[in-house]
Amino acid sequence: MSKRAEPLTKGSLILQEKPFAYIVKSKFIKERCDFCLSTGKLLKCGGCHFTHYCGVLCQRDAWAEHKYECLCMKKILPRSIPDAARIMAKIIWKLQYGGYLQKFYYSRNGFRKFNDLMAHLEDIKWDEKRMEHVESLYAVLKEYLAPEHLPNQTEFLGIYGRLCINSFNILDDDLNSVGTGIYLAASILDHSCNPNAVATFEGPQLSIRLIEDIPELKWDQIRISYVELLDLPETRKDELRRSYYFDCDCDRCKDEKQRAKMVAMACPKEGCSGYIDVMDEKCKECQTEIMEEHRQTFDDVLDMTKAMLQEMQETRYIDVCRNLVKKQTGVLHDKNIWHLKTLDLAFESAIDFESWDEAVGYGKKFVQGLSFYTSPLNPLVGIDHLKLGKIYPHLNEFQTAIHHIREAGDVLKITHGDQSRLMRDFVRPLLRETQIMLEESQRIKMPPPSEEEEEDGEEQAAEA
């Protein structure tokens, strides 16, 4: 009799693996250890003067692979190479020194090798932009690599295809992308815009945890999201088609009601929370007629929002964010994704500016919208609750801070694990510190005893 499958609960760790190959993104090369990705005081490699390490141990552990890169970096100094070329070179070296034989297990008997990864060669050959990229990378690596290490063009294209289709953005504790990696076992995971699992990182190590209960572990039913979920279905589908060469037909992509909310107008009647489709003539909740003037204002504000968000992709400005949020109020519905994207930028800008009142106002609204469109167990929901928990003590609102820190813990112990670095080094210490601040504030607020209370206390002590 076969063993009955065990049900798995949300938070269950179903896969953990180190990368087959990875890099720190060049813009973080001076800020993060090239081996463990930690920050702090770093030592520059004395050979190539490019990579940095947090200490001798990481430099020593990285040397087995870095020794090839170090020689090539020295050869092209003072120039450097693009990130895509750098990780291609790392994969090439890995493969030429036994990497084709390496097995990365996703179950006791299930494993993947590098050549098991999808390459989509025919799709890439018809993709003009990617073929231009291939040619550019090949020219760069022809100069960078030793001649004996440069693969022929057919093999090169196969490596490139597997990198494009299977690479992961390596995220830091704030969920910023700081690196790129190839994870062979995790390549088994397919996409859904309504995922039942999430990928998180501690340094370069990848973990996959469930965010839903499942009756048993079947890898063909485990889904993570490959794309930004706070986007329109057509935007997500286009990104998946361009980057991964498939069409998504998940339920969320077919949900017309949700799509309508994503681009909804606010009702012009004050106090009404109804959302209005751009084709609606009246508000479905209060039956207020939508005048052409309101519709035109909506179009103008939406166009301005898209233009400003595009301009602020690299640098955010608090004044621009304030102005946008003000103009959107009463025009874009609270669940409109362009409003939510603005709130996200405004939240981060207000934190940078240490404008704590503004930050909590923007942050609370953004977290509500993010939870609505993704999942209450989205890691970013947990991180933003944690940020709110850090901000509220600046406003002397310690009880509210504790609420948000606990909300963060409820999410992050599922997405990252109860014993993860985030829980151990951030959530629990912050909760303890804030509870102490709350107790101290309550003690200070207690009025001193009156003379009668003091006399009563002295009499009780004498009797005792």
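Above this text sits the structure in question.
Residues numbered from 1 in each chain as written. Predicted model: local features only at pLDDT ≥ 70, side-chain atom pairs only at ≥ 80, totals over all residues. Heavy atoms only, no water.

With that out of the way, let us pick up the packing of aromatic side chains. Scanning the entire structure with this criterion turns up 14 aromatic pairs. Seen from their ring centres, Y100 and F114 are 6.4 Å apart, and the 75° between their planes marks the pair as edge-to-face. Of this pair, Y100 sits in the loop between α2 (83–96) and β5 (104–105) while F114 sits in the loop between β6 (111–112) and α3 (121–125), and the two are 14 residues apart along the sequence. Taking the relative accessible area as the measure of exposure, F114 reaches 1% and is therefore buried. Ring geometry for F168 against Y183: centres 5.6 Å apart, planes inclined by 85°, an arrangement best described as edge-to-face. Placement of F168 in strand β7 (residues 167–171) and of Y183 in the loop between β8 (177–182) and β9 (190–191) is noted, with a sequence separation of 15 residues between them. Y183 gets classed as buried once you look at its relative accessible area, which sits at 0%. Each member of the aromatic cluster is reached from another via a ring pair, and the members are F20, Y100, F104 and F114. (Phe/Tyr/Trp six-rings, centres within 6.5 Å; stacked < 30°, edge-to-face > 60°. Helix = DSSP H or I, 4+ residues; strand = E, 2+ residues; numbered from the N terminus. Buried < 20%, exposed > 50% of the residue type's maximum accessible area, 1.4 Å probe, protein only.)

Turning our eyes to something else, we now look at the sheet that holds β8. One open sheet accounts for three strands, arranged β2-β8-β7; its pairing is antiparallel. Edge positions in the sheet fall to β2 (21–24) and β7, since each of these pairs with one other strand and no more. Between one strand axis and the next, the sheet turns by 25° as a mean value, whatever way the strands run. Looking at chain direction, β2 and β8 are connected through four bridges and run antiparallel. (Pairing = 2+ DSSP bridges. Axes fitted to C-alpha atoms, helices over the stretch in contact; angles between N-to-C directions.)

For the rest of this paragraph, the subject is the nonpolar core. F20, I91, L141 and Y144 are the most contacted members of the largest nonpolar core, which totals 78 residues. Leave out the neighbours within four places in its chain, and F20 touches I91, K94, L95, G99, Q102, F104, F114, I182 and L184. Formed by 47 residues, the second largest nonpolar core is a distinct cluster that contains M262, I337, Y392 and A401. (Core = buried A, V, L, I, M, F, W, Y, C linked by side-chain atoms within 4.5 Å. Contact = heavy atoms within 4.5 Å.)

Let us look at the sheet that holds strand β10 (residues 197–202). Strand order across the open sheet formed by three strands is β1-β11-β10, with antiparallel pairing between neighbours. Since the sheet does not close on itself, it has two edges, and those belong to β1 (13–17) and β10, each with one partner. Neighbouring strand axes in the sheet, compared pairwise and without regard to direction, differ in orientation by 20° on average.

Pairing is possible between side chains that carry opposite charge, provided their charged atoms lie close to one another. In the structure shown here, the tally under the stated rule is 25 salt bridges. Across the pair D34 and R86 runs a salt bridge whose closest N-O atoms are separated by 2.9 Å. Of this pair, D34 sits in the loop between β2 and β3 (43–44) while R86 sits in helix α2, and the two are 52 residues apart along the sequence. On the accessibility criterion, D34 (5% relative accessible area) is buried. Residue classification places R86 among the buried positions, given a relative accessible area of 1%. What emerges from the salt-bridge pattern is a single network uniting D34, E69, R86 and K90. (Salt bridge = Lys/Arg side-chain N within 4 Å of Asp/Glu carboxyl O.)

So, about the side chain of S192. With respect to the secondary-structure elements, S192 resides in the loop between β9 and β10. Taking relative accessible area as the criterion, S192 reaches 8% and is therefore assigned buried. Of the polar contacts made by the side chain of S192, one reaches the backbone nitrogen of N194; its length is 2.9 Å. For S192, the residues in contact, after removing those within four places along its chain, are R223, I224, S225 and C250. (Polar contact = N/O pair within 3.5 Å; in protein donor to acceptor, adjacent residues only side chain to side chain.)

Moving on to the packing of helix α9 (residues 292–311) against helix α11 (residues 337–352). Relative orientation and spacing of two packed helices are given, respectively, by the angle between their axes and the distance between those axes. The interhelical angle for the contact between α9 and α11, taken along N-to-C directions, is 40°, at an axis separation of 10 Å. In terms of their interaxial angle, α9 and α11 are classed as oblique. Crossing of α9 over α11 shows left-handed handedness. Of the residues in α11, those touching α9 at L302, T305, K306 and L309 are W338, K341, T342 and L345. The residue inventory of the contact of α9 with α11, partitioned by class, reads four nonpolar, two polar and two charged. (Parallel < 35°, antiparallel > 145°, perpendicular 65-115°, else oblique. Left-handed = near helix turned anticlockwise from the far one by under 90°. Nonpolar A, V, L, I, M, F, W, Y, C, P; charged D, E, K, R; others polar.)

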